[in-house]
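Chain by chain, the residues:
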Amino acid sequence: MPIRQLSETMINQIAAGEVIERPASVVKELVENALDAGASRVEIVTAGGGLSLIRVTDDGSGIPERELALAVARHCTSKLSDDIHDIRSLGFRGEALPSIGSVARLSIRSRTAAGDSAAEIGIEGGRVSAVKPAAANRGTTVEVRDLFFATPARLKFMKGERAESSATSDVVKRIAIAFPAVRFTLAGSDRSTLELPATGDTPEGRLARVAQVMGKDFPDNAIPIDAVRDGVHLAGHVSIPSYTRANALQQYAYVNGRPVRDKLIAGAIRGAFADVLPRDRHAVTVLFLSLDPATVDVNVHPAKADVRFRDPGLVRGLIVGAIREALAGAGIRAATTGAAGMMAAFRPGAAPYSHPGPANGHRSYEAAYRASGSSGFDHGSNLARSPQRPLDMSYGEAMPRPNGFAENDQAAFETGPLASADARAGTAEPAEALLGMALGAARAQVHENYIVAQTRDSLVIVDQHAAHERLVYEALKNALNSRAVPSQMLLLPEIVDLPEEDAERLAMHSDTLAKFGLGLERFGPGAVAVRETPSMLGETNVQQLVRDLADEIADNDTVETLKERLDKIAATMACHGSVRSGRLLKAEEMNALLRQMEATPGSGTCNHGRPTYIELKLADIERLFGRR
């Protein structure tokens with residue numbers, strides 16, 4: 001077949017295949033055009049999941065009548081200067097409108113502030129109609145009907161109406177977070193109306209917009225981020241470690257106001273939370289990167305969803321460092337959703353209480369039940385044999401049991417082996433200073449694993465094993481970071497063959513690797529010789545370790561793989577070296593553990609990402625009992 005020039009319609013349809021993937025892609029392009037026009041109000045209406053109808057109306061600057069024909073011509077734009085590296089708008093290619101018009105029925109009606117009337121132009125399957133007068137307010141209305149009617153094969157790849165509507169909602173929410181001063185409305189016969197009133201372009205307004213999109217729980221469980229390094233500014237909010245999601249869909253990232261899904265940013269977020277989240281849980285984040293447009297390339301993806309940084313190591317290091325510093329400075333905080341779950345479990349009628357015998361085979365239940373007897377609490381020989389007696393227990397002869405529930409019976413509850421308590425922190429009231437601490441004063445130990453503490457306005461339940469595991473882990477990490485990691489000399493150097501560029505990268509990072517106990521050097525072209533490995537790793541696959549490091553340096557210009565392996569070993573050591581479940585603690589030990597938790601960053605979760613404590617406010621307890 002001879003080489004020939006493609007028709008304009010065919011060229012636009014090919015471009016549409018790259019830019020217009022689904023109805024949500026159309027909404028994204030049209031909303032970005034509205035925002036570039038300075039709109040303060042954007043209204044979107046859809047039908048049939050966006051395949052039947054998409055209408056976007058804004059109150060922006062509008063398009064002059066004489067420029068309407070250019071607006072639907074390929075590669076015509078008002079947003080780009082002569083410097084392709086100085087891109088300060090969301091759109092810049094001039095491809096969206098002609099691409100949409102080549103596969104759908106498109107009409108544009110617009111009026112400028114200085115115009116006496118509006119004008120309208122239409123495109124149907126690539127055929128442009130003449131500009132004609134129209135009636136409209138200031139701004140622009142773009143209407144897209146019968147999407148992909150000109151390329152029916154694309155319709156076979158569309159998902160159901162509900163899925164397409166959901167994708168459109170996600171696009172609008174993602175854009176809306178970056179523009180809190182703009183009012184967004186998304187409505188239609190195929191969805192419930194989404195209204196996002198303008199909140200203002202202030203720190204409070206931006207957080208209020210985030211709450212509109214992500215839910216009112218997020219601000220209560222978020223930590224602010226604000227950091228600058230070498231001209232790159234990072235701002236936003238990240239969730240505390242105990243507030244997570246099952247997927248990464250609620251991780252929002254923006255580069256100079258542009259929503260992006262960038263693997264470098266996603267990887268940096270994972271790295272920052274690696275120590276505090278389980279592998280199957282994801283942090284909730286809203287991060288804004290601001291930097292010189294010349295240092296980031298936004299023209300590397302047809303839909304502008306990916307970007308490329310001139311210095312990826314700088315950006316990754318800033319994100320990881322800023323998040324970890326914020327987590328460390330936030331102190332100890334429990335997710336508010338934990339209290340909500342506890343309240344739901346405690347609601348009357350949810351789980352009727354009965355105690356005819358041992359509840360579930362747990363040794364605390366069994367011992368306490370045997371100690372109490374089936375008819376009540378007996379202070380005779382059973383008490384002396386019970387391993388669950390309180391710390392302040394005094395022994396004496398069995399007490400008489402009057403018929404009524406008299407003072408002696410109440411005293412039995414005060415000092416007897418309660419069925420749910422393994423140890424009490426003493427009968428004396430805790431010091432006022434302890435009640436004012438974040439985790440309060442220890443009051444009891446239940447089921448040989450959970451510390452019950454009291455603050456001035458809440459009840460705190462601590463998992464002693466998980467909490468101490470985190471404390472030991474942080475101590476081990478500090479020891480690793482404060483000095484060079486001990487290394488072991490190999491009897492014979494391990495020669496690892498690599499591509500020349502990988503060997504060169506490893507050699508450039510040899511000093512950093514040496515701090516982590518890995519000693520290597522160049523060994524001729526395309527190879528490195530490993531002479532020392534970290535002692536903590538024991539017998540390890542040196543070849544695989546070096547190749548993994550080479551891959552990471554190529555991707556992110558970091559050596560985090562080795563550090564993560566060492567941290568993983570430290571986490572395993574911490575798990576086996578911490579206070580075990582089933583150990584009875586004295587009052588001083590419980591309070592000491594609480595004070596260490598308050599002083600240790602990240603102690604709200606254990607090494608595996610599980611929460612170390614749950615807090616229930618006094619107001620919530622009063623609601624459970626109908627006092628509020």
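Look up a bit, the structure's there.
Residues numbered from 1 in each chain as written. Predicted model: local features only at pLDDT ≥ 70, side-chain atom pairs only at ≥ 80, totals over all residues. Heavy atoms only, no water.

### Some details on empty space enclosed by the protein
Counted according to the given criterion, the structure contains two cavities of 30 Å³ or more. Looking at the largest cavity, its volume works out to about 100 Å³. In terms of lining, the largest cavity is formed by 13 residues, of which the most central are Pro-241, Gly-331, Arg-333, Gly-602 and Gly-604. The residue makeup of the lining of the largest cavity, split by class, is six nonpolar, six polar and one charged. By volume, the second largest cavity is sized at about 40 Å³. Taken together, Leu-480, Asn-481, Val-485, Phe-516, Lys-563, Leu-566 and Asp-567 make up the full set of residues lining the second largest cavity. Elements represented by at least two residues in the lining of the second largest cavity include exactly α16 (464-482) and α20 (560-577). For the lining of the second largest cavity, the element with the most residues is α20, which contributes three residues. (1 Å grid on protein atoms, 1.4 Å probe; cavity = no way out; pocket = protein on both sides within 12 Å on 5 of 7 lines; lining within 4 Å. Points joined across faces, edges and corners; volume = space filled by probe spheres on them. Nonpolar A, V, L, I, M, F, W, Y, C, P; charged D, E, K, R; others polar. Helix = DSSP H or I, 4+ residues; strand = E, 2+ residues; numbered from the N terminus.)

### Digging into the packing of helix α2 (residues 23-36) against helix α6 (residues 161-178)
Where α2 meets α6, the axes come as close as 8 Å, and the angle between the chain directions of the two elements is 25 degrees. Relative to α6, α2 is oriented roughly parallel. Handedness of the α2/α6 crossing: right-handed. Along the contact surface, α2 presents Pro-23, Ala-24, Val-27, Lys-28, Val-31, Glu-32 and Leu-35, while α6 presents Glu-164, Ala-167, Thr-168, Val-171, Val-172 and Ile-175. By residue class, the composition of the contact of α2 with α6 is nine nonpolar, one polar and three charged. (Axes fitted to C-alpha atoms, helices over the stretch in contact; angles between N-to-C directions. Parallel < 35°, antiparallel > 145°, perpendicular 65-115°, else oblique. Left-handed = near helix turned anticlockwise from the far one by under 90°. Contact = heavy atoms within 4.5 Å.)

### Remarks on the packing of aromatic side chains
Considering all chains together, one arrives at two aromatic pairs under this definition. When the centroid spacing of 4.9 Å and the interplanar angle of 15 degrees are considered together, the rings of Tyr-254 and Phe-288 count as stacked. In this pair, Tyr-254 is assigned in strand β13 (residues 251-255) and Phe-288 in strand β16 (residues 285-290), connecting sequence segments 34 residues apart. Residue Phe-288 is classed as buried on the basis of its relative accessible area of 18%. (Phe/Tyr/Trp six-rings, centres within 6.5 Å; stacked < 30°, edge-to-face > 60°. Buried < 20%, exposed > 50% of the residue type's maximum accessible area, 1.4 Å probe, protein only.)

### Notes on the side chain of Asp-502
For Asp-502, the location among the structural elements is in helix α17 (residues 500-508). Here Arg-505 takes part through its side chain, which lies 2.6 Å from a polar atom of the side chain of Asp-502. (Polar contact = N/O pair within 3.5 Å; in protein donor to acceptor, adjacent residues only side chain to side chain.)

### A short note on the side chain of Asp-59
Mapped onto the secondary structure, Asp-59 falls in the loop between β2 (53-58) and α3 (68-71). Arg-41 is the oppositely charged side chain nearest to the buried, salt-bridge-free Asp-59, at an N-O distance of 4.3 Å. Within polar-contact distance, the side chain of Asp-59 engages the side chain of Ser-40 at 2.7 Å. Of note is the side chain of Asp-59, whose polar atom sits 3.0 Å from the backbone nitrogen of Arg-41. The contact partners of Asp-59, leaving out residues within four places of it in the chain, are Ala-39, Ser-40, Arg-41, Arg-138 and Gly-139. (Lys, Arg positive; Asp, Glu negative; His and termini not counted. Salt bridge = Lys/Arg side-chain N within 4 Å of Asp/Glu carboxyl O.)

### Section: unusual backbone geometry
In this structure, Phe-148 is a non-glycine residue whose phi angle is positive, near 70 degrees. Relative to the elements of secondary structure, Phe-148 occurs in the loop between β7 (139-145) and α5 (152-155). One non-glycine residue, His-447, adopts positive backbone phi at about 50 degrees. The residue His-447 is located in the loop between β20 (441-446) and β21 (450-454) in this model. By relative accessible area, His-447 is classed as buried at 18%.

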